[in-house]
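Summary of structural features
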Amino acid sequence: MRPVTRRQTDHHAARAAATRARVMRTLERLLDSGEAFSEISVQRILEEAGVSRATFYAHFESKPDVLVRLTDELRESLLVLARRWDPGAEEDGAERFARFFEEVITIHRAHQGVITAVREAAAYDPAVSDFYTADLEGFDEAVRRTLRSEQAAGSAPADLDVTAASRVIVWGGAQAIAHHIAVDDGSGDAALARELARIWWHGAYRRPSD
């Protein structure tokens with residue numbers, strides 16, 4: 001048997017990556033066209049992507065697995081933003097948050113089909129649900145840490161319930177953004193970002209103590 005060379009290995013790896021990308025882009029295109037994730041069959045993906053069933057299952061465990069992998073790019077973009085979630089002490093905190101939320105909304109709009117599919121599939125598929133909630137739980141934890149730090153510094157009120165406030169901020173904000181994108185043509189993005197920023201800034205981070 002001929003030994004497998006480095007060039008052959010690299011070639012096979014490149015072909016495998018190209019196949020996975022073709023399948024993922026196919027699903028993304030179908031979702032962006034407005035089709036519901038539950039209505040898109042594996043067979044439809046195979047036909048549109050031009051791959052065999054055996055090839056599909058050599059790279060993916062299932063249709064939800066394609067969706068989860070498809071969200072990796074989105075996850076990384078949102079994580080980059082999440083790492084910047086720091087109110088600081090500047091007076092323009094609400095304005096900086098507004099810019100932050102405009103970026104979040106822009107990313108969500110660019111991946112609207114995928115996000116809609118993830119939210120849909122999370123309701124009935126444990127694998128997708130775990131993936132979806134893990135991101136929000138991670139952001140929730142980061143916000144709680146920040147609020148506690150703000151309390152310790154005397155910037156946030158001592159009577160603030162950090163856990164409850166963080167849930168409203170993270171989980172309520174995710175719902176608000178998802179609904180907004182579904183019903184707004186984009187003209188109201190700046191207004192939503194501004195109101196989210198002011199509500200969260202003045203309602204938690206710089207709320208007057210009772």
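On a predicted model such as this, the values are computed, not experimentally measured, just so you know.

**Description of helix α6 (residues 93-110)**
Structural remark: α-helix, 3.6 residues per turn; residues separated by three or four positions point the same way. Under the 1.5 Å per step criterion, the end-to-end length of α6 is 26 Å for 18 residues, consistent within 8% with the ideal 26 Å. Considered for burial, the residues of α6 that qualify are G93, A94, F97, A98, F100, F101, V104, I105, I107 and H108.

**Thoughts on the side chain of H111**
In this structure, H111 sits in the loop between α6 and α7 (112-122). Those residues in contact with H111 that sit more than four places away from it in its chain are E28 and L74.

**Regarding the packing of α7 against helix α8 (residues 126-153)**
Helices that pack against each other are described as a pair by the angle of their axes relative to one another and the distance between those axes. Two elements in contact, α7 and α8, have axes separated by 8 Å at closest approach and are oriented at 120 degrees. Taken together, the axes of α7 and α8 lie oblique to each other. Read as a crossing pair, α7 and α8 show a hand that is left-handed. Together, V118, R119, A121 and A122 of α7 and V128, S129 and Y132 of α8 make up the contact between the two elements.

**Overview of the pattern of salt bridges**
Summed over all chains, the structure comprises 12 salt bridges. For E28, the salt bridge goes to R25, with nearest N and O atoms at 2.8 Å. In this pair, E28 and R25 are both assigned in helix α1 (residues 6-32), three residues apart and thus about one turn of the helix distant. Ionic pairing is found between E35 and R44, a salt bridge with its closest N-O pair at 2.9 Å. We classify E35 as partly exposed; its relative accessible area is 26%. Relative accessible area serves as the criterion here: at 27%, R44 is assigned to the partly exposed category. When salt bridges that share partners are traced, they join R29, E35, R44 and E48 into one network.

**Focus on the nonpolar core**
Counting residues in hydrophobic clusters, the biggest one holds 31 residues, and the most contacted among them are F101, V143, L147, I169, I177 and Y205. Of all the secondary structure elements, the ones that give two or more residues to this core are α5 (72-82), α6, α8, α9 (162-183) and α10 (189-205). Judged by nonpolar contacts, the second largest core, of 25 residues, contains V23, L27, L46 and V118.

**Thoughts on the packing of aromatic side chains**
Under the definition given, this model contains eight aromatic pairs. Measuring from centroid to centroid gives 5.6 Å for F97 and W201, while their planes differ by 85 degrees, and the two rings are edge-to-face. Of this pair, F97 sits in helix α6 while W201 sits in helix α10; the two residues are 104 residues apart in sequence, bridging distant segments of the chain. Each member of the pair, F97 as well as W201, is classed as buried. Between F101 and W200 the ring centres are 4.6 Å apart and the planes differ by 90 degrees, which places this aromatic pair in the edge-to-face class. Placement of F101 in helix α6 and of W200 in helix α10 is noted, with a sequence separation of 99 residues between them.

**Some words on the confidence of the model for the chain**
Summarising the model, the chain shows a mean pLDDT of 86, and 90% of its residues fall at 70 or more. Mean pLDDT per element in the chain: α5 is the minimum at 73, and helix α2 (residues 42-49) is the maximum at 96.

**Focus on the packing of α9 against α10**
Their axes nearest at 11 Å, the elements α9 and α10 cross at an angle of 165 degrees. Here α10 runs roughly antiparallel to α9, going by the angle between their axes. Note that α9 runs across α10; the crossing there is right-handed. Contact residues: α9 offers I169, G173, A176, I177 and H180, while α10 offers D189, L192, L196, W200, A204 and Y205. Among the residues forming the contact of α9 with α10, the class breakdown is eight nonpolar, two polar and one charged.

Rules of the game
Residues numbered from 1 in each chain as written. Predicted model: local features only at pLDDT ≥ 70, side-chain atom pairs only at ≥ 80, totals over all residues. Heavy atoms only, no water. Helix = DSSP H or I, 4+ residues; strand = E, 2+ residues; numbered from the N terminus. Expected span 1.5 Å × (residues − 1). Buried < 20%, exposed > 50% of the residue type's maximum accessible area, 1.4 Å probe, protein only. Contact = heavy atoms within 4.5 Å. Axes fitted to C-alpha atoms, helices over the stretch in contact; angles between N-to-C directions. Parallel < 35°, antiparallel > 145°, perpendicular 65-115°, else oblique. Left-handed = near helix turned anticlockwise from the far one by under 90°. Salt bridge = Lys/Arg side-chain N within 4 Å of Asp/Glu carboxyl O. Core = buried A, V, L, I, M, F, W, Y, C linked by side-chain atoms within 4.5 Å. Phe/Tyr/Trp six-rings, centres within 6.5 Å; stacked < 30°, edge-to-face > 60°. pLDDT = per-residue confidence, 0-100. Nonpolar A, V, L, I, M, F, W, Y, C, P; charged D, E, K, R; others polar.

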